[in-house]
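Structural characterization, general
Each chain, letter by letter, is given below.
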Amino acid sequence: MKAALVGTDGTLLHEARRATDRERGADAVVETILAFAAELRAHGEEHLGESAVAAGVAVPGIVDSEKGVAVYAANLGWRDVPLRALLSERLGALPVALGHDVRTGGLAEGRIGAGRGADRFLFVPLGTGIAGAIGIAGSIEAGAHGDAGEIGHIVVRPDGPDCSCGQRGCLETLASAAAVTRAWAAASGDPDADAADCAKAVEAGDRAAIAVWRDAIDALAAGLVTALTLLDPGTLIIGGGLAEAGETLFTPLRAAVEERVTFQKLPHIVPAALGDTAGCLGAGLLAWDLLSTEVSV
């Protein structure tokens, strides 16, 4: 878990990290979050001279931001956790905003990161899976049911690998960091090899690595062009572990996207700027937005 105290302008005033303790079960994870938030608030009072005035929290899985409920997260083992109410109670009735981790990270990238000044953008982190955040005029579109932006489950190869969602050939089964890791481990014969090793091998001119990398970029470009067709973003922000390969990823990806577009307008394709602090900063922005909404009402 990553946490921060964030100023009104998005400045990161204090940052801390802690293990989720997920091996101890869902209840332990929730308690760790509550205790972490309380400690963070106490740090502000002691070292910054004032208490936090609101809290924001971003979690993975299915999130009902309106009700403040963490509905489901497979990797954390929880269902229907009233996280907003629990946090507010632990923090002395402090206002609390709850958001989805990728959309919250996208909010930060859009306002104070790589998408600053972009009226329409799409944020796509390439990690264990692939998700997306649709940015519109400084906010993130959640969709009618809170599921907007799930670009990782666009089917790009109908005869491709099985996906945990029940479909076959989803983008994240072919172009996520996890997918590249699997493909390169098989191609290299090294079960410990990962996506970063594949990128290094590509840079060294390894033909097998280049083939694995090309397949992933081909699938990624196909998925992104579908997203461009639907959303027409001005800026496409690529983040996550795979983006750490830099131009080894971005140069062929820009070319592959450009080859596929016909009538669509090419967006600026740029790397994310905030790294793994995006979630913390985005959660802070959610908290400030909550306060500004309460003031306007």
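These numbers come from a predicted model, not from an experiment.

**Topic: the pattern of salt bridges**
Per the counting criterion, the structure on display carries 11 salt bridges. Ionic pairing is found between Arg24 and Asp21, a salt bridge with its closest N-O pair at 3.3 Å. A salt bridge links Arg260 to Asp218, with the nearest nitrogen and oxygen atoms 1.9 Å apart. Taken as a pair, Arg260 in helix H8 (residues 247–260) and Asp218 in helix H7 (residues 207–231) lie far apart in primary sequence, 42 residues in all. Accessibility expressed as a relative area gives 28% for Asp218, which makes it partly exposed.

**Brief notes about the sheet that holds strand E8 (residues 120–125)**
Sheet architecture is open: 5 strands sit in the order E10-E9-E8-E11-E12, paired in mixed fashion. The sheet is open, and its two borders are formed by strand E10 (139–141) and strand E12 (268–271), each paired with just one other strand. Recorded for the sheet is a direction-independent mean angle of 30° between the axes of neighbouring strands. Two elements, strand E9 (residues 133–136) and E10, share 3 bridges in a ladder whose sense is antiparallel. Following the sheet pairing, Ile136 is matched in E10 by Ser139. On top of the sheet, helix H3 (residues 101–112) reaches E8, E9, E10 and strand E11 (235–239); it is set at about 130° to E8, its chief contact.

Rules and cut-offs
Counting of residues starts from 1 at the beginning of each chain's written sequence and follows it residue by residue. The model is predicted, so local features are restricted to residues of pLDDT at least 70 and side-chain atom pairs to those at 80 or more, both for listing and for counting; the totals for chains, interfaces and linings are taken over all residues. For the side-chain quantities, the full set of heavy atoms in the structure was used; hydrogens and water were omitted. Criterion for a salt bridge: a side-chain nitrogen of Lys or Arg within 4 Å of a carboxyl oxygen of Asp or Glu. Secondary structure counts use DSSP, requiring at least four H or I residues in a row for a helix and at least two E residues in a row for a strand, with both numbered from the N terminus. When a residue's accessible area, from a 1.4 Å probe over protein chains only, is under 20% of the maximum for its type it is buried; when over 50% it is exposed; and in between it is partly exposed. The pairing criterion is simple: DSSP has to find at least two bridges between the two strands. Comment: axis = line fitted to C-alpha atoms, over the contacting stretch for helices; angle = value between 0 and 180 degrees taken between N-to-C directions. Contacts are residue-level and defined by heavy atoms, with any inter-residue pair within 4.5 Å sufficient.

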